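So you can see what is in the structure, the chains are spelled out below.
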Amino acid sequence: MNTAANITTQSADGAAGSELQKSEGVWAAAWRRFNSDKVGLGSAIVVIAFLVLIVLAAFGLVAKNWQAEIGVPNAPPSFMGPAAKQATGAIDAPQGPNVDLSAVDPLAPRYAEWEERAKQFQTTEVPKAETLPLGGDRLGRDVLAKAIKGTEISVFVGLAAAIAATLIGTMLGAFGGFFGGKISDFLEWVYNVFESIPNILLIFAFAAVVGRGVGSVVIILALTGWTGMYRQVRAEFIKHRSREYVRSAEAIGASSFSRMFKHILPNVSHVVLVRMSLLTVGFIKAEVILSYLGLGVRVDQVSWGTMLAEAQSELILGHWWQLAAATLFMAVFVTAFSLMADALRDALDPKLRGLE
Amino acid sequence: MAAYLIRRLWQMVPTLMGVVLLVFFLFKWFGGDPAEVLGGLNASPDQIKSIRTQLGLDEPVWYQLWLFVKQIVTFDWGKSWATNESIANLFATRLPATLTVMVPILILEVVLAIPIAMYVAYKRGSLTDRTLTVVTTVALSISFLVYVIVGQYVFGFQLGWFPVQGWSDNLATNLSTYVPLPVFLALLVSLAPQTRLYRSFFLDELGQDYVRTARAKGLTENKVLFRHVLRNATIPILTNIGLLLPGIFVGSFLIEVFFSIPGIGREVLLAVNRSDFPVIQAVTVYLAVLTMFINLLTDLAYKVADPRVVLK
């Protein structure tokens, strides 16, 4: 946190003379407010726990073998016990020794030879688990491992797209707001163009040309989702560009670039941070829908969206556990993240408290 | 008024040009070669060449852009690459189905959300109010997909109250048989967030001085709420409806996919999967135009709703 460090040193410098006048920095005050918000703090802990899980999954420490078919197909969750054996309706296997057919069987002379050759190949029959902690899918893959791996992909896509959209929106907003004039007019025009197309159509149009895969989804969401950020950052820069601290920076010869990103940006970064956390939630939901529709991650990857797509046909057969697992992971993470974003907004922007 | 209209229409021109340029160059530069998409895997070089000539792909870029603009202005987009159906026909046959589902959703959403929102705003801070906030946060964190999957399973498959999916040619049958379940599920998801939004509009108004004055005059609470507060909250409500309105023409593609409703949304999704560029381009451009006009109409509606608004 470079900006946080900047601000604390600034306030420390200002209060160098007397300890008593030392005022609380923006981030320190925000942290104090955030700390007193029990709901925000609790949800932040849940989010951090998820992030740890994601990092572990990314390094292959958990859910590495999510593709292994370790259970019987559609194995139920452990607490339900194994599925009842279904009556196959087959004829009972005959008792007693086999009837000797070697006199009439034309293949009989070669049985010994084939048995010899078959011994060269080892087939190991891995015992398939009857039940799995959260059940198994159609292929007998562990739903728990899939949910963890899916969390990794879905959250990664949401965060990466939010960061990319934030970069685009902040850069354009900073330039438009700071310089005004022709640059601002041009960027406003671009903004109006993007805003005039319904969001979902814009996403589809980009999806039609960009292709599939995790990277593509990040690009699509970032290129279509930057507009709100741009608008807000632009408004903040217009507000700040004529404030005293920026003008005095100009007076001592700070370049435009330095005023924009060293002076103004740290002072509006709380707005950016709040907006980014809201974007993340939106993008995670969008990724789930895109993946469900087959416009998202590749088939050899798993995300909450692909799990839901599989779960739809499983549900008809009464195998509800994959649906429940994906929904539960998503609901817990997104609720915690939204509550954390709300708490963050209240902590960083106390003026907004109580407004929706 | 006329001067205002003319200026607003004039302001649309650059935005519209931008939309056309964006859609044109997006598909031109990143969309791959249309001739190869059209020709398929087994096309011979000759075939590819003739398709290129036919589509005007050998012409300079400015001429292709001109062709594109001409298509937009004359409403003649030719035929879909995938099905060879004329795109005008595609719009004409798919739009009714989309509207049949989306119009009831929009109307019910507004008609139900406003009174509930007014009630919870009036009872601000009460248990109902706080319950709504919590329910909204949790409900919104679950993907819309889950609601539809579970809803279809429970109400359509298990309980058998509605057909799981389907569509007919008869508007009355559609409305009475096939539309209720999708509308119900869509409302289930959208009602809570919409209510929360309208609640904030009403809260803004309830704190105003005129409310206190109206109460001091001795007006009944009903009169205060419905005559004074509702009237003043109309502007943000209209803005919100204006934002929702373009959506009814695209439809909720998820609903259309789940319930096999032959609407625009499903068609666009199919077009994306088949790389059927003309369909996507046409829908995108026309929806953008429509959105701009709806924005203009919303601004005009402000004037009707609130005589104090000055259009300039």
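Residues numbered from 1 in each chain as written. Chains lettered and ligands numbered in written order. Predicted model: local features only at pLDDT ≥ 70, side-chain atom pairs only at ≥ 80, totals over all residues.

Caption draft 1: Up close: the overall build of chain A. When you go through chain A residue by residue, the secondary structure sums to 13 helices and zero strands. In chain A, the succession of α and β elements from N to C terminus is α-α-α-α-α-α-α-α-α-α-α-α-α. Among the 356 residues that make up chain A, the fraction classed as buried is 39%. Looking at chain A alone, contacts between residues at least 24 apart form 74% of all its contacts between residues at least 6 apart. (Helix = DSSP H or I, 4+ residues; strand = E, 2+ residues; numbered from the N terminus. Buried ≥ 20, exposed ≤ 12 C-beta atoms within 10 Å, placed from the backbone. Contact = placed C-beta atoms within 7 Å.)

Caption draft 2: Quick peek at the interface of chain A and chain B. With 35 residues of chain A at the interface, the matching set in chain B holds 39 residues. Put simply, the parts of the chain that give the side of chain A that touches chain B at least two residues each are helix H6 (181-196), helix H7 (199-210), helix H11 (256-292), helix H12 (304-316) and helix H13 (321-348) of chain A.

Caption draft 3: Examining the environment of Gly 40 of chain A more closely. Residues and elements named next belong to chain A. Here Gly 40 shows up in helix H3 (residues 38-58). Distance from Gly 40 to Phe 337, taken between C-alpha atoms, is 9.2 Å for residues 297 residues apart in sequence. Residues in contact with Gly 40, not counting those within four places in the same chain, are Phe 34, Leu 339, Met 340 and Ala 343.

Caption draft 4: Region of interest: the environment of Phe 258 of chain B. Residues and elements named next belong to chain B. Note that Phe 258 resides in helix H14 (residues 253-258). Take Phe 258: there are 22 C-beta atoms within 10 Å of it, and that puts it in the buried class. The spacing of Phe 258 and Val 164 is 94 residues in sequence and 9.1 Å in space, taken between C-alpha atoms. Look past the residues within four positions of Phe 258 in its chain and what remains in contact with it is Val 148, Gln 152 and Gln 165.

Caption draft 5: Just the nonpolar core, in detail. Counting 137 residues, the largest nonpolar core has Leu 201, Phe 204, Leu 308 and Ala 326 of chain A together with Val 268 and Ile 280 of chain B as its most contacted members. For Ile 280 of chain B, the residues in contact, after removing those within four places along its chain, are Phe 204, Ala 205 and Ala 208 of chain A together with Val 268, Ala 271 and Val 272 of chain B. Judged by nonpolar contacts, the second largest core, of 14 residues, contains Ala 117, Val 120, Ala 192 and Tyr 198 of chain B. (Core = buried A, V, L, I, M, F, W, Y, C linked by C-beta atoms within 7 Å.)

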